[in-house]
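Observations on the model geometry
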Amino acid sequence: MIVVEDTAGPSPHPVLAVTGLAREARLAAGPGVATVGAGGNPERLREMLRARTPPGCRAVMSIGIAGGLDPALAPGDVVVATGVVTAGVRRIAHPDVAAALARRLADGAFRVVQADLAGVDAAVLSPHAKAMLHAATGAAAVDMESHVAAAFADGHGLPFCAVRVVCDPADRALPAAIAKALKPNGEPDLLAVLSALARRSAKVGGLVRLARDSSAAFASLGRCRALLGFGLGVPDLGEFLRDVA
């Protein structure tokens, strides 16, 4: 379990950064930010968020990498969410917050799009599955935390936002064995990766492509974090933000 609290700064409550990977949590952490991550396990994440009573934050941001659904997006492209679609339900990102984040990221050395994300409880692995999800939702990218974060924010009347960077693009498969090779704390499980290679359930070529895509994605995510600054760039807009439905 990853829980990093940092409430430095003028606001009495931090922005809660919801992540899947330990590396994402480390990048997100900083003044005005608290992070929570569950190692790519949405149900564990739900349990961790339910335990936050009261929520102890002024806003909720899903931040990290994502799988591409829009064929036009490449590794390293950034999606500032307009909403999250899951199981036929769409929860909107707070439009003023999303606009503020997009402005902060506009000067970055990467492409920024404002579009919906798809939220799923199981990794979307094949190009065909990605194409089907894109057709069904219109979402630009997919991850396993944003829908959980959005539901938590909605349940507590908090503004929700998301910044996700494309890792594996729409036309590239994600090796199933590698998608599951995570420890509960979000760190990569190297023994699981080696085991998958030994069983030939993962191929070296696929791992090389994934490493290259991940490098581009995390480089962009790091630049995003630097541009977002205190509290992940989420403006403190006051009590009128309580209604985000």
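**Describing the overall build of the protein chain**
Along the backbone of the protein chain there are 8 helices and 9 strands. In the protein chain, buried positions account for 52% of the 245 residues. Counting contacts in the protein chain only where the partners sit at least 6 residues apart, residues at least 24 apart contribute 79% of the total. Here the protein chain has roughly 10600 Å² of accessible surface; of this, 58% comes from carbon and sulfur atoms.

**Quick word on the pairing of strand S6 (residues 89-92)**
With 4 bridges joining them, strand S5 (residues 78-86) and S6 adopt antiparallel strand pairing. Considered in S6, the bridge of Gly83 is made with Ile92. Where S5 folds back on S6, the antiparallel hairpin that results is connected by 2 residues, among which Ala87 adopts a positive phi of roughly 50°.

**Details of the side chain of Ser220**
Position of Ser220 relative to the elements: it lies in helix H8 (residues 204-228). Judged by its relative accessible area of 2%, Ser220 falls in the buried class. Here Gly76 takes part through its backbone oxygen, which lies 2.8 Å from a polar atom of the side chain of Ser220. The contacts of Ser220, once residues within four sequence positions are left out, are Gly76, Phe110 and Val165.

**Topic: helix H2 (residues 42-50)**
Within H2, the full set of buried residues consists of Pro42, Leu45, Met48 and Leu49. Seen along its axis, H2 keeps its buried residues to an arc of 115°; they face one direction.

**Quick notes on the packing of aromatic side chains**
Scanning the model with the defined rule gives 0 aromatic pairs in all. Positioned above the aromatic ring of Phe218, the side-chain terminus of Arg23 is 4.0 Å from the ring centre.

**Description of the packing of H2 against helix H5 (residues 146-155)**
Where H2 meets H5, the closest approach of the two axes is 10 Å, and the angle between their N-to-C directions is 25°. Classified by the angle between their axes, H2 and H5 sit roughly parallel to one another. In the crossing of H2 with H5, the sense of the turn from one axis to the other is right-handed. Together, Pro42, Leu45, Arg46 and Leu49 of H2 and His147, Val148 and Phe152 of H5 make up the contact between the two elements. A class-by-class count of the residues in the contact of H2 with H5 yields 5 nonpolar, 1 polar and 1 charged.

**Overview of the environment of Arg50**
Relative to the helices and strands, Arg50 is located in helix H2. Judged by its relative accessible area of 52%, Arg50 is exposed. A polar contact is formed between the side chain of Arg50 and the side chain of Glu43, at a distance of 3.4 Å.

**So, the nonpolar core**
Counting 30 residues, the largest nonpolar core has Leu16, Val60, Val79 and Phe160 as its most contacted members. Counting only elements with at least two residues in this core, the list comes to strand S2 (15-19), strand S3 (33-37), H2, strand S4 (59-68), S5, strand S7 (112-119), H5 and strand S9 (160-166). With 5 residues, H5 is the largest single contributor of residues to this core. Not counting residues up to four positions away in its chain, the partners in contact with Val79 are Leu73, Val113, Ala115, Leu117, Ala140, Ala141, Ala162, Val163, Arg164 and Val166. Ala17, Ile65, Leu210 and Leu221 belong to the second-largest nonpolar core, a separate cluster that totals 29 residues.

**Structural notes on the pattern of salt bridges**
Counted according to the given criterion, the structure contains 10 salt bridges. In this structure, Glu43 and Arg50 form a salt bridge, with 3.4 Å as the shortest nitrogen-oxygen distance. For Glu43, a relative accessible area of 39% gives the class partly exposed. Where Asp168 meets Lys130, a salt bridge forms, and the shortest distance between an N and an O atom there is 2.6 Å. With a gap of 38 residues between them, Asp168 in the loop between S9 and helix H6 (176-179) and Lys130 in helix H4 (residues 127-137) connect regions that are remote in the sequence. Relative accessible area serves as the criterion here: at 7%, Asp168 is assigned to the buried category. Residues joined by salt bridges that share partners form a network here, namely Glu24, Asp143, Glu145 and Arg164.

Quick notes on the rules
- Residues numbered from 1 in each chain as written.
- Predicted model: local features only at pLDDT ≥ 70, side-chain atom pairs only at ≥ 80, totals over all residues.
- Heavy atoms only, no water.
- Helix = DSSP H or I, 4+ residues; strand = E, 2+ residues; numbered from the N terminus.
- Buried < 20%, exposed > 50% of the residue type's maximum accessible area, 1.4 Å probe, protein only.
- Contact = heavy atoms within 4.5 Å.
- Areas by Shrake-Rupley, 256 points an atom, 1.4 Å probe, with all protein chains shown as cover.
- Pairing = 2+ DSSP bridges.
- Polar contact = N/O pair within 3.5 Å; in protein donor to acceptor, adjacent residues only side chain to side chain.
- Arc of directions from axis to C-beta.
- Phe/Tyr/Trp six-rings, centres within 6.5 Å; stacked < 30°, edge-to-face > 60°.
- Lys NZ or Arg CZ within 6 Å of the ring centre and 35° of its normal.
- Axes fitted to C-alpha atoms, helices over the stretch in contact; angles between N-to-C directions.
- Parallel < 35°, antiparallel > 145°, perpendicular 65-115°, else oblique.
- Left-handed = near helix turned anticlockwise from the far one by under 90°.
- Nonpolar A, V, L, I, M, F, W, Y, C, P; charged D, E, K, R; others polar.
- Core = buried A, V, L, I, M, F, W, Y, C linked by side-chain atoms within 4.5 Å.
- Salt bridge = Lys/Arg side-chain N within 4 Å of Asp/Glu carboxyl O.

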